[in-house]
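Now for the letters of each chain:
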Amino acid sequence: MKNLSVGGLVVPVTMLSFTLAYWWQAYGLSFEARLFPLALSLALLTLMAGNLVQFLRHRDSRQQPEKTSRHIARRRALVVALPVLLLLAWSQLGGFVFVWLAVLALQWALGERRPISLAALPLGSAVALYLLFSTLLHARVPMGLLGVLVN
Amino acid sequence: MELLNHVMSGLEAALGGDTILFAVLGSALGILVGATPGLSSGMAVAVLLPLTFTMSPLSGLVFLTSVYVAVTYGGAITAIMLNTPGAPENAATARDGYALTRQGRSSQALGAAIAASAIGGTLSYFMMLLGIGAIASVALGFGPTEIFLVALCGVMILGALGGGSLIKVLASGMFGLLVGTVGMVPTGEWRATFGTMYLVEGVQVVPVLIGMFVVSELIELASRDRVVEMRKHVPGDVRAIVRGFGEAPRRPFNILRSTGLGILVGLIPAAGGTLASFTSYSLARRLSKQPEAYGKGSLEGIVASETANNACSGGALTVSLVLGVPGSVATAVILGALTMQGLQPGPQIVSQQPVLVYGLICAAILSQALMVIFAVITGRAMTSALAIPTRMLIPVLLMLSIFGTYALRNAMFDVWTMLAFGVLGFFMKRHGYSTAAVVMGVILAPVADSELIRTMQIFGNGWYTAFFTRPVSLLIILGMLGCFLHGLLKARRRPRVVEEAS
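Residues numbered from 1 in each chain as written. Chains lettered and ligands numbered in written order. Predicted model: local features only at pLDDT ≥ 70, side-chain atom pairs only at ≥ 80, totals over all residues. Heavy atoms only, no water.

You'll find chain B entered in an unreviewed UniProt entry as C4-dicarboxylate ABC transporter permease, with Billgrantia endophytica given as the organism.

Laid out in C-alpha cells, this is it:
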C-alpha cells in the first residue's frame, strides 16, 4: 500500500459514490429504463475491482504521478477555491464585480505583483466579458453591486 | 446533379455575409490557441463554444470547424520552432521539425508543414464533399442495434487505441455513459435526477466539456509560471516559409498515402488526429529510402504527419455528422454545438439539412486557404508572443469558462457542475484516467440508451438475439471484441517493455 495517495483515491471514490447515489435514486425504474444503466454500473464496478487488483499487484507503480510540492499544490487549490468563494456571492456581487475581483485575486495568488497588470487585466476582463456575454450573447448576468452603484 | 445543387447552395451559404466573417475569426483564434502549448484542440473548441450560443447553426458550426482546422496548423508552429507541440497531434512533427530548426532550416520546415497541412485538409474535405451522401445512404440502413453498438464503439476504441491503461480508460468511458443516462428516459420516467429540475434534461454536455477539457488543464497549468519557456529568439522570414511550400508537393505519393490514411483513421469513431499522425509517420519511415534521417530533420516525416493529422479532420467530421458518434475530441465539442442548436446528427442530416452540411464542408475548404495566410503571416511572430505568464492566462480563461457555462441556461447549477468536473478531470489526468472517454460517454449515452430501448420495443422478448442475427451488428461486435483484445494484449506487453527499458 506504499503507493496509495489521497489524490489516487479521488477518482475511484467519486465513481463509486456516484454509482451508489445513482441507484439510491433510480432503484424503482421499469426494466427498459433500468437495463442500460445497470449494465454500465456492473461494468464500471468490475473495472474498478480490476483496477484495484492491478494496483495491489503494483502493476501501476511506475505510472504514479510525481509528488507535488506544497507551493504548487497551494497554487492549484487557490485556482479552484478563489472563484468558488466568490461564486457563492454571485448574485450579490454581480457578474462585473465578480470578474474584477476573481481575476485580481487569481493574479495575486499566482504571483503577479506588477501594479499595471493588476489594475488593467481585471478591469479589462470584466468590461470585455460583461459586454460580450450581456450584450452579444444576451446572457442574464446579474448586475449586483454595479446595479446599486449605477442606480 | 443533386450533389452539384447541394454544393452550390452550400457554397452560397458559406460565402454569405456573416458566415465568412466567422470563418476568418475562427481561423485567427484557432491559430492563436493552437500555437499555445497546453491548450489542446478539444480545449480550444470547448473554450470558444459558448460564443456560438446566439449564432445561426451554420455560422456557429463554421466558426467551431474553422477553430478545429486552425488549431492543428497552429500546433505545428510551436512543434517546429520550440519543440513543444501545440496539440498532441503535432508531437510527431516536433521530432523532425525541431531538428531542422536547430540546423537553421526552420523556415523550410514551417513551409513544408503548412503546405502539407493545407493539401491534406483540402483533399480530405473534398473527399467529404463527394462521399458524405454515399456514407449517409449506407448509414440509413443501420437499425437501432447497429447505432447502439456504434455509440459504444466510441468508448471501446478510445480504450484500445489510447495511450493509458485499458481498465482506467474503459472505466472512464463507463462512468461518462452512466452520467449521460441521468435525466428523462424515452419511456417517460425520470432517472437519477436527485430531485433537481436542472437534471431532467440530463447532465448538460457543455459544462462537462468545459470542465474536463479547460478547467482541468488550467489547474494543471497553475504549476508553471509560463506556458512555454522561450529558448531563443527566432527572426522572421516570410519569403523563406513560402519557398518551403514546394517541399510538400515534391512528395506526391507521401501526400496521397498520408491523406488516405488520415481520412480512414478519422472515420473510426474516437480515433483522432494523434493516431493518424503517428501511424502515417511510422509508415512513411518504413517505406522511406532514408529511414535513418527520421527524427534528425526529415522533411518527409513532417509532410507525412502534418498531412495525416489534417486529413483526419474531414473523416472525423463526416462520422460525427452522419452517425452522431464523434470522430475525435474536438468533433465531440462540435457535435455538442450541433445538438445545442436543436439539430440531430444522424444519416438524415444530409438530406434534411443539405445547406448546413454542404455549407460547412465548403467553409472548411475555405478555412484551409485562410489558414495558410494566417500561418505564414503570424507564424514566427507568435512564437515570441507565446511566453504567456500563466498568472494572466489562467484568470482570463477561467472567467471565460465560467461565463460561457453560465450563459448556456443562465443557471449557476451548470457552473458548479463544470467546476466539479474540472476538479475531477484534473485528478483523472494525473492518475491515468481518460477525460476524453468521460466526455464521449456523456455525449453518446442518450443515443445508446434510446437505441437500446428501441431495440427492446421493436424485437420484443428475444431482443438480445437481434445483436447477433443482424450481419452488420455482428460485424461491429466482432470489431469491438478485436479492439478489446488488442487493448488487453497491449496492456500485457507494456509492463514488459517498461521493465526491459529500465
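So, next bit.
## Some points on the packing of aromatic side chains
Enumeration over the complete set of coordinates arrives at 16 aromatic pairs over all chains. Note on Phe-36 of chain A and Phe-148 of chain B: the rings are 5.7 Å apart at their centroids and 75 degrees apart in plane angle, and the pair reads as edge-to-face. Taken together, the positions of Phe-36 of chain A in helix α2 (residues 31-56) and Phe-148 of chain B in helix α7 (residues 144-161) put the pair across two chains. Its relative accessible area of 8% is what places Phe-148 of chain B among the buried residues. For the ring pair Trp-90 of chain A and Phe-98 of chain A, a centre distance of 5.3 Å and an interplane angle of 75 degrees mean the geometry is edge-to-face. This pair shows no difference in class: Trp-90 of chain A is buried, exactly as Phe-98 of chain A is. Pairwise contacts between aromatic rings join Phe-36 of chain A together with Phe-148, Trp-463, Tyr-464 and Phe-467 of chain B into one cluster. Over the ring of Trp-108 of chain A we find Arg-113 of chain A; its NZ or CZ atom is 3.8 Å from the centre of that ring. (Phe/Tyr/Trp six-rings, centres within 6.5 Å; stacked < 30°, edge-to-face > 60°. Helix = DSSP H or I, 4+ residues; strand = E, 2+ residues; numbered from the N terminus. Buried < 20%, exposed > 50% of the residue type's maximum accessible area, 1.4 Å probe, protein only. Lys NZ or Arg CZ within 6 Å of the ring centre and 35° of its normal.)

## Here we look at the environment of Gly-425 of chain B
Residues and elements named next belong to chain B. In this structure, Gly-425 sits in helix α18 (residues 412-430). For Gly-425, a relative accessible area of 0% puts it in the buried group. C-alpha of Gly-425 to C-alpha of Ala-436: the two residues are eleven residues apart in sequence and 9.5 Å apart in space.

## Looking at a nonpolar patch on the surface
Residues and elements named next belong to chain A. A cluster of nonpolar side chains, Leu-16, Leu-20, Leu-38, Leu-42 and Leu-45, forms an exposed patch at the surface whose accessible area comes to about 440 Å². When residues of the nonpolar patch are assigned to their parent elements, the largest contribution, three residues, is made by α2. In this fold, Leu-45 is placed in helix α2. (Patch = residues over 30% accessible without salt bridge, like charges linked within 9 Å, V, L, I, M, F, W, Y side chains within 5 Å. Areas by Shrake-Rupley, 256 points an atom, 1.4 Å probe, with all protein chains shown as cover. Salt bridge = Lys/Arg side-chain N within 4 Å of Asp/Glu carboxyl O.)

## Topic: the environment of Leu-64 of chain B
All names here are of chain B. Position of Leu-64 among the secondary structure elements: in helix α4 (residues 57-82). Separated by 39 residues in sequence, Leu-64 and Leu-25 have C-alpha atoms that sit 9.9 Å apart. Those residues within four positions of Leu-64 in sequence are excluded, and the remaining contacts are Val-45, Leu-48, Leu-49, Thr-52, Ile-334 and Ala-337. (Contact = heavy atoms within 4.5 Å.)

## Quick look at the side chain of Ser-66 of chain B
Residue and element names in this part refer to chain B. Structurally, Ser-66 can be placed in helix α4. On the basis of relative accessibility, which here comes to 1%, the residue Ser-66 falls in the buried class. Discounting residues that sit within four places of it in the chain, Ser-66 has contacts with Ala-23, Gly-26, Ser-27 and Ser-367.

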